[in-house]
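Structural features, examined
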2 protein chains.
Amino acid sequence: MSETKLYPPEALFDFTVRVFRHFDVPEADARISATVLQSADLRGIDSHGVARLHSYFDMLRLGRINPKADVSIVRETASTATVDGDNGLGLVVGPKANAIAMEKALAAGSGWVSVRNSNHYGIAGWYVLQALERDLIGWAMTNTAALVTPLWGAERRLGTNPIAIAFPGEREPPIVIDMATCAVAYGKVEIARRAGKSIPTGWAIDRNGNSTTDPNALIDGGALLPLGSDRDRGGHKGYGLAVMVDVLSAVLSGANWGPFAPPFALQQEIPTRSVGRGIGHFFGALRIDAFIETAEFKRQIDELVRTLRGTRPAPGTRGPLIPGDPEREAEAIRRREGIPLVPAVVEELRDISRQSGIPLTAL
Amino acid sequence: MSETKLYPPEALFDFTVRVFRHFDVPEADARISATVLQSADLRGIDSHGVARLHSYFDMLRLGRINPKADVSIVRETASTATVDGDNGLGLVVGPKANAIAMEKALAAGSGWVSVRNSNHYGIAGWYVLQALERDLIGWAMTNTAALVTPLWGAERRLGTNPIAIAFPGEREPPIVIDMATCAVAYGKVEIARRAGKSIPTGWAIDRNGNSTTDPNALIDGGALLPLGSDRDRGGHKGYGLAVMVDVLSAVLSGANWGPFAPPFALQQEIPTRSVGRGIGHFFGALRIDAFIETAEFKRQIDELVRTLRGTRPAPGTRGPLIPGDPEREAEAIRRREGIPLVPAVVEELRDISRQSGIPLTAL
């Protein structure tokens, strides 16, 4: 971390808005997109914030993402909808589809929206935090370009396919689950590779399908392993969850699933075949008071949180965390001190500035 | 497996119905309960079939389960309901609550039911297979008595909390995911213990919270580990999923959550505190044609299944399975050849026969 420097969140936000506006993304859409990206940087999910801005920039510059997407409902019932994202920014399509799920929940008790023809939507956690503010239990999933092997496979067939869900407490902070369905994030393998370190078993296979501890073997045609890693430790379960996310996000909406999900960044290979439109997301919202008094629910969540925190700690640990703790703690620090960026990311932002003419005075 | 013998499914079914009828469980309820138990035996989930009949027998005999439960809706919206199981058999309450979720889905696009005041409901997979028959995507979850530690904990705080979901294909068999959110089933540790074998790391901790390979250490006050096992391999993710299941099943319905979930069998310890009623379940149903033409969905599922089966195999394997393959293959064999029971289970059935006077001629 010695090479990172801290940057003010506001300056990064303003720059991000201007980058999207540069491509004539409407003002409100540009602002919501910047908000979702900023949320990743604040919450410590460094891989999903401005570190990805250059990829969005490239995709917009090459016309591979529609800056003025007309997000529309193509089918609906009282509690469900299928949304077509018109090949827009996932950062625009996702918030609009999530809003539809929340509106349906307020009217019908629950709302479920499957989305096709979209692109990378940022962190899944942002969407469920929106639901929390409305006393809804929010769910968010998305498929992504293939990087993970099915258990007993030797090649990339599924995305890291995250699942997020959140539950509000009264005095305790909310429980916020936001997890990829593979054993470890690609970014952690990247960090090990740059540091010249080996990786634990259970993270990845090499191009021949053998377990590996060499981070280069993943990058050189290998694949990440699903959560659970191997048959003994439940790798079939993480594989099952990844399939679930793919079906709900992409098969149900008519997007590209599995190995046919289009890539997010330019340098990634484009699948040889298309089985739908863009990538897919899945959003859900449940009205808490459709099931139980909201105040009672929150009191019980507080009790659950305290009970879990009160668990006797395993040796060498300070005891269990609550899902969402690390992200909330990161946000408290980063709002105060700024967002740490590594030089490579700063250089990417400078390159955007050079190409677009948008000033980057703050950096 | 050399000590197991094969028994006709019909005879076990009839005996099971008569055992429930012995306690004046209504005929229809007794038959559905026997159906759910038989489904476990047919699908190879041996721990959840007639191997549990003696526990149900004990609980009914001691009046700890209500044989004539009046299952009722206590709150509802167009797409949701909260159900009180009246302390009935989970095998009765579960199917009724699942039916409510399916009816709501047919009317409103989706249906979501959280259930309190219930007991052990058998295999989660049975419920989602019911939804499949109606072209619905079915979900089923339940909490269970605490057996799993949160990551970095040293004691049992959460149940094995399974998640099931299923998706229908057209010509290919359905994808049926049915998984506990811990790394491995308790039953596998039991098998290792009886065989005098060690268990892999990542399955369990001992009573002090240290990783163990001794199956006795789990039984002697230890705990199972969540899916992912440790921090490096994503144990916080399995822990998060277990919390999710507990909240949706128990906090949302007003049942007992976490360490306060009451036990299933007599020999298990009863929690010192009650925070709700009974254990909880959560059922969901999504109408496929609320999102996309059902025929199109099924064709894409077929393609997905073939694509996953076509994955290049890892060395030493025959390549990826589809979730649900092992259970479906077990069912094909067992319907033909009979259900294998170990002598200890047969002895338990004989004991029920002796205590109740119900003849066990088939065994």
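Described below are features of the structure shown in this document. (Residues numbered from 1 in each chain as written. Chains lettered and ligands numbered in written order. Predicted model: local features only at pLDDT ≥ 70, side-chain atom pairs only at ≥ 80, totals over all residues. Heavy atoms only, no water.)

The next subject is the packing of helix α1 (residues 9-22) of chain A against helix α2 (residues 27-42) of chain A. Residues and elements named next belong to chain A. At a minimum axis separation of 8 Å, α1 and α2 run at an interaxial angle of 140 degrees. One element, α1, and the other, α2, form an angle in the oblique class. In this structure, α1 crosses over α2, and the sense of that crossing is right-handed. Facing α1, whose interface residues are Pro 9, Glu 10, Phe 13, Thr 16, Val 17, Phe 20 and Arg 21, α2 presents Glu 27, Ala 30, Arg 31, Ser 33, Ala 34, Thr 35, Leu 37, Gln 38 and Leu 42. Each residue belonging to the contact of α1 with α2 can be placed in one class, and the counts come to 8 nonpolar, 4 polar and 4 charged. (Axes fitted to C-alpha atoms, helices over the stretch in contact; angles between N-to-C directions. Helix = DSSP H or I, 4+ residues; strand = E, 2+ residues; numbered from the N terminus. Parallel < 35°, antiparallel > 145°, perpendicular 65-115°, else oblique. Left-handed = near helix turned anticlockwise from the far one by under 90°. Contact = heavy atoms within 4.5 Å. Nonpolar A, V, L, I, M, F, W, Y, C, P; charged D, E, K, R; others polar.)

Bringing unusual backbone geometry into the picture now. All names here are of chain B. With phi around 60 degrees, Asn 117 is a residue other than glycine that occupies positive phi space. Following the sequence through the fold, Asn 117 ends up in strand β4 (residues 110-118). Assessed through its relative accessible area of 13%, Asn 117 is described here as buried. Of note in this structure, Asn 161 is not a glycine but carries a positive phi near 30 degrees. Relative to the assigned elements, Asn 161 resides in the loop between β5 (136-142) and β6 (163-167). (Buried < 20%, exposed > 50% of the residue type's maximum accessible area, 1.4 Å probe, protein only.)

With 14 residues, helix α1 (residues 9-22) of chain B should reach 20 Å at 1.5 Å per residue; the first-to-last C-alpha distance of 20 Å fits that figure. Among the residues of α1(B), Pro9(B), Ala11(B), Leu12(B), Phe13(B), Phe15(B), Thr16(B), Val17(B), Val19(B) and Phe20(B) are the ones counted as buried. (Expected span 1.5 Å × (residues − 1).)

Residues and elements named next belong to chain A. Tracing the chain through its elements places Pro 174 in the loop between β6 (163-167) and β7 (175-179). Classification of Pro 174 as partly exposed rests on a relative accessible area of 23%. A sequence separation of 127 residues divides Pro 174 from Ile 301, and the C-alpha atoms of the two residues are 8.1 Å apart. Excluding its chain neighbours within four sequence positions, the residues that come into contact with Pro 174 are Leu 132, Phe 167, Pro 168, Gly 169, Pro 323 and Arg 328.

The next subject is the relation of the copies chain A and chain B. With an RMSD of 0.0 Å, the operation that places chain A on chain B is a rotation of 180 degrees combined with a shift of 0.0 Å along the axis. Classification of the inter-copy transformation places it as that of a two-fold axis. For chain A, the minimum C-alpha distance to the rotation axis belongs to Gly228(A) and amounts to 2.3 Å. Most of the interface of chain A is mirrored in chain B: 100% of its interface residues are interface residues there too. (Least-squares fit on C-alpha atoms with pLDDT ≥ 70 in both.)

Another aspect to go through is the pattern of salt bridges. Opposite charge on two side chains allows them to pair when their charged atoms are near. Residue and element names in this part refer to chain A. Applying the stated criterion across every chain, the model contains 56 salt bridges over all chains. Glu 331 serves as the salt-bridge partner of Arg 43, at 3.6 Å between the closest nitrogen and oxygen. Of this pair, Arg 43 sits in the loop between α2 and α3 (53-61) while Glu 331 sits in helix α10 (residues 325-337), placing them 288 residues apart in sequence. Judged on exposure class, the residue Arg 43 and its partner Glu 331 are both buried. Taking the shortest distance from any N to any O, the salt bridge between Lys 104 and Glu 76 comes out at 2.6 Å. (Salt bridge = Lys/Arg side-chain N within 4 Å of Asp/Glu carboxyl O.)

Turning next to the interface of chain A and chain B. Taken together, the contacts link 96 residues of chain A with 96 residues of chain B. Of the roughly 7500 Å² buried where chain A meets chain B, counting both sides, 65% is carbon and sulfur surface. Counting every contact that joins chain A to chain B gives 4 salt bridges. Salt-bridge contacts for Glu293(B) lead to Arg75(A); the nearest nitrogen and oxygen are separated by 2.6 Å. Put simply, chain A and chain B have 37 residue pairs in polar contact (both at pLDDT 80 or more) between them. No other element matches helix α8 (residues 235-251) of chain A, which puts 10 residues into the side of chain A that touches chain B. (Buried area = accessible area lost by both parts, 1.4 Å probe. Polar contact = N/O pair within 3.5 Å; in protein donor to acceptor, adjacent residues only side chain to side chain.)

Residue and element names in this part refer to chain B. Strands sit in the order β2-β3-β4-β11-β5-β6-β7 across an open sheet of 7 strands; the sheet is mixed. On the outer flanks of this sheet lie β2 (72-76) and β7 (175-179), each paired with one strand and no other. Across the sheet, the axes of successive neighbouring strands diverge by a mean angle of 15 degrees, strand direction being ignored. Alignment of β6 against β7, held across 5 bridges, turns out to be antiparallel. Bridge assignment links Ile 163 to a residue of β7, and that residue is Met 179. Packed on one face of the sheet, helix α5 (residues 124-132) meets β5, β6, β7 and β11 (279-287) and runs near 160 degrees to β5. Contacting β4, β5, β6 and β11, helix α8 (residues 235-251) runs over the sheet at an angle of about 95 degrees to β5. (Pairing = 2+ DSSP bridges.)

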